[in-house]
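Geometric and topological summary
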Amino acid sequence: MKKIYLVGAGPGDAGLLTVKALEILMRADVVIYDRLADESILEYIKPSAEKIFVGKSAGNHSMPQSDINQLLIDRAVDNKIIVRLKGGDPFVFGRGGEEALALAEKNIPFEIISGVTSAIAVPAYAGIPVTHRGIATSFAVITGHEMDDERSNIRWEKLSTAVDTLIFLMGVANIGRITQRLIDNGRDPNTPAAVIRCGTRINQRTLITTVESAAVDVEREGITPPAIFIVGNVVQLRDRLNWFETRPLFGKKIVVTRARAQASELTRKLSDLGAECIELPTIKIVEPTDNYASLDQALDKIASFDIIIFTSINGVEKFFERFIEKRLDVRSIGAKLAAIGSSTERALKLHGLIADYVPGEFRAEALIKLLSSKVDGKKILIARAEEARSILPLELRKLGAEVEVAAAYRTVSAVEKKIDLDGADWITFTSSSTVKNFVADFGAEILSKTKTAAIGPITADTLRSFGIEPTVVAEKFTIDGLIDAIVNKRSIAHEQYG
């Protein structure tokens, strides 16, 4: 059955997309979308879906509204899910009503999926509630476009004195006329006001002013659309309720070079602290060049090992993928298990296994020290990346161990296209391979102009090999340690590691 979904995408922050909107987007066959504040929303659309841009900006309409209405009618085909994706809410100055009426006239079924409107969300992200007990018991949302008194339906005489909080959408270009109408109709010129640009996004900017001074302040500060204008005593609460713009990494643009499958954790945590993240995976995990021959050989005699060492999450995951593919029983592992890093330790736990040895410092040297009195005469398997430092097997052999190294995976370049990194505040590196592949694709010069963060001393030394002194090196060689180093701009001394 044919049906058109008119869906609100919210005001900007992709996290404000509703669950219902997300669910229908993921099923859509055709998505007809506006100029969205956060185009990452489009990543939820399945690859086979058709995407049609019909966005508008001030003075630039890619398609007239009448043509958009006709497009929706023409695309109403049986057995296809058609989504009309609109910024904010379809029925709050989004012309969703016009589109719904056009469909109704043709007897085309439609459904409205409401979105979070900027009228409420943007002030909230600026620390301004639109209502507050004892301050504001009413609010109005007004278009900022209807400014001609002869044609306007705005009842200025009522709004100016009878409504506590006034929220003007799309009104920055007309802010001088708006404030004059308010003052002429009885609003106190000293009433607190705010102009909020790019609300709910990482480049949000808030100007606190008054009704009388707003137009002059906006021109002086160079504030341009998209922005909302809010008037009322609730603006005074911002000093105490400003939560979004005070986060420690607010406004920082941070490049995440981790493998795509693992980037989400770092991206999410940085975003929670206010950063705008650019995911630029420089590596991807693939099978080793021997097509798992060394790992298969080790798995065939898995019961013979006394200790199995895992140096990364990838090593754990690829080891057990192959383990299960060969239909082996986990009870055949009688060895003690060693893990470098808390993340690697957690990965083992997900497979129901507890690491026996986890060094306090997450690098090979610390594990060697931990095992120094335990490996003489022992048979040890190291499941790790194909290209890795030789120190671990070399030193363990010196301590009397019989060591077998199995390549569980290898890393290759994952950069598919060049991305403009101008304006980036930080570039993060979580392994030596991310450094090498970044430099191969982008060169080292950009790193000399941007702050760099290394997850540990080995990664830091790789940066130094290209003539780049890292801005910070994590004290604890984990994602959380890396983030802590960025937030606090705290680095460990190179001499500590010899």
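Structure: see above.
Reference entry: report on the structure contained in this document.

For I45, the location among the structural elements is in the loop between β2 (30–33) and β3 (50–53). Relative accessible area serves as the criterion here: at 8%, I45 is assigned to the buried category. In this structure, the C-alpha to C-alpha distance between I45 and S433, residues 388 residues apart in sequence, is 31 Å. Leave out the neighbours within four places in its chain, and I45 touches L25, V31 and K51.

On to the packing of helix α6 (residues 175–184) against helix α7 (residues 214–221), then. For the pair α6 and α7, interaxial distance at closest approach is 8 Å and the crossing angle is 165°. Put simply, α6 runs roughly antiparallel to α7. Where α6 crosses over α7, the handedness of that crossing is right-handed. Contact residues: I175, G176 and T179 in α6; A214, A215 and V218 in α7.

The next subject is the sheet that holds strand β21 (residues 451–454). The five strands are arranged β14-β13-β20-β21-β22 in an open sheet whose pairing can be described as parallel. Either end of the sheet is taken by a strand with one partner, and the two such strands are β14 (276–279) and β22 (472–473). As judged from the three bridges shared by strand β13 (residues 253–256) and strand β20 (residues 426–429), these two strands associate in the parallel manner. Among the inter-strand pairings, V255 is bridged to a residue of β20, identified as I427. Packed on one face of the sheet, helix α16 (residues 457–465) meets β20, β21 and β22 and runs near 140° to β21.

On to the sheet that holds strand β17 (residues 336–339), then. Strand order in this open sheet of five strands is β15-β19-β18-β16-β17, and the pairing throughout is mixed. Strand pairing shows two members of the sheet lacking a second neighbour, β15 (283–286) and β17, which therefore form its edges. Adjacent strand axes in the sheet meet at a mean angle of 25°, parallel and antiparallel pairs treated alike. Judged from the four bridges that link them, strand β16 (residues 307–310) and strand β18 (residues 379–385) form a sheet pairing that is parallel. For I307, the partnering residue across the bridge sits in β18 and is I380. Against the sheet, helix α15 (residues 432–442) engages β15 and β19 (402–413), with an angle of about 35° to β19.

What follows covers the pattern of salt bridges. As enumerated under the stated definition, the model contains 31 salt bridges in all. For D329, the salt bridge goes to R331, with nearest N and O atoms at 2.6 Å. Classification of D329 by relative accessible area gives partly exposed; the value is 33%. A salt bridge links R389 to E365; its shortest N-O distance comes to 2.9 Å. Placement of the pair is R389 in the loop between β18 and α14 (391–398) and E365 in helix α13 (residues 364–371), with a sequence separation of 24 residues.

Another aspect to go through is the packing of aromatic side chains. Going through the model one piece at a time under the given rule, you end up with 14 aromatic pairs. Here F244 and F250 contribute two aromatic rings whose centre-to-centre distance is 5.4 Å and whose plane-to-plane angle is 70°, an arrangement assigned as edge-to-face. Comparing F244 with F250, the two get one shared label, buried. For the pair F438 and F442, a centre-to-centre distance of 5.0 Å together with 25° between the ring planes defines the contact as stacked. Here F438 pairs with F442, and both are found in helix α15, just four residues apart, close to one helical turn. With relative accessibility at 0%, the residue F438 sits in the buried group. By the ring-pair criterion, three or more aromatic residues cluster together here, those being Y125, W243, F244 and F250. Lying over the aromatic face of F305, K379 brings its terminal NZ or CZ to 5.2 Å of the ring centre.

A few words now on α7. Taken together, the buried positions of α7 are occupied by A214, D217 and V218. For α7, the angular spread of buried residues about the axis comes to 100°, placing them on one side. Set apart from the buried face of α7 by more than 90 degrees, the exposed residues are V216, E219 and R220. Residues of α7 that are buried make contact with α6, β10 (192–197), β11 (205–210) and β12 (227–231). Phi for G222, located one or two positions after α7, is positive at around 65°.

What follows deals with the state of the cysteines. With the rule as written, the count across this model stands at zero disulfides. In this structure C198 is a free cysteine whose sulfur lies 18 Å from that of C277, the closest cysteine sulfur available.

Rules used throughout
- Residues numbered from 1 in each chain as written.
- Predicted model: local features only at pLDDT ≥ 70, side-chain atom pairs only at ≥ 80, totals over all residues.
- Heavy atoms only, no water.
- Helix = DSSP H or I, 4+ residues; strand = E, 2+ residues; numbered from the N terminus.
- Buried < 20%, exposed > 50% of the residue type's maximum accessible area, 1.4 Å probe, protein only.
- Contact = heavy atoms within 4.5 Å.
- Axes fitted to C-alpha atoms, helices over the stretch in contact; angles between N-to-C directions.
- Parallel < 35°, antiparallel > 145°, perpendicular 65-115°, else oblique.
- Left-handed = near helix turned anticlockwise from the far one by under 90°.
- Pairing = 2+ DSSP bridges.
- Salt bridge = Lys/Arg side-chain N within 4 Å of Asp/Glu carboxyl O.
- Phe/Tyr/Trp six-rings, centres within 6.5 Å; stacked < 30°, edge-to-face > 60°.
- Lys NZ or Arg CZ within 6 Å of the ring centre and 35° of its normal.
- Arc of directions from axis to C-beta.
- Disulfide = S-S within 2.5 Å.

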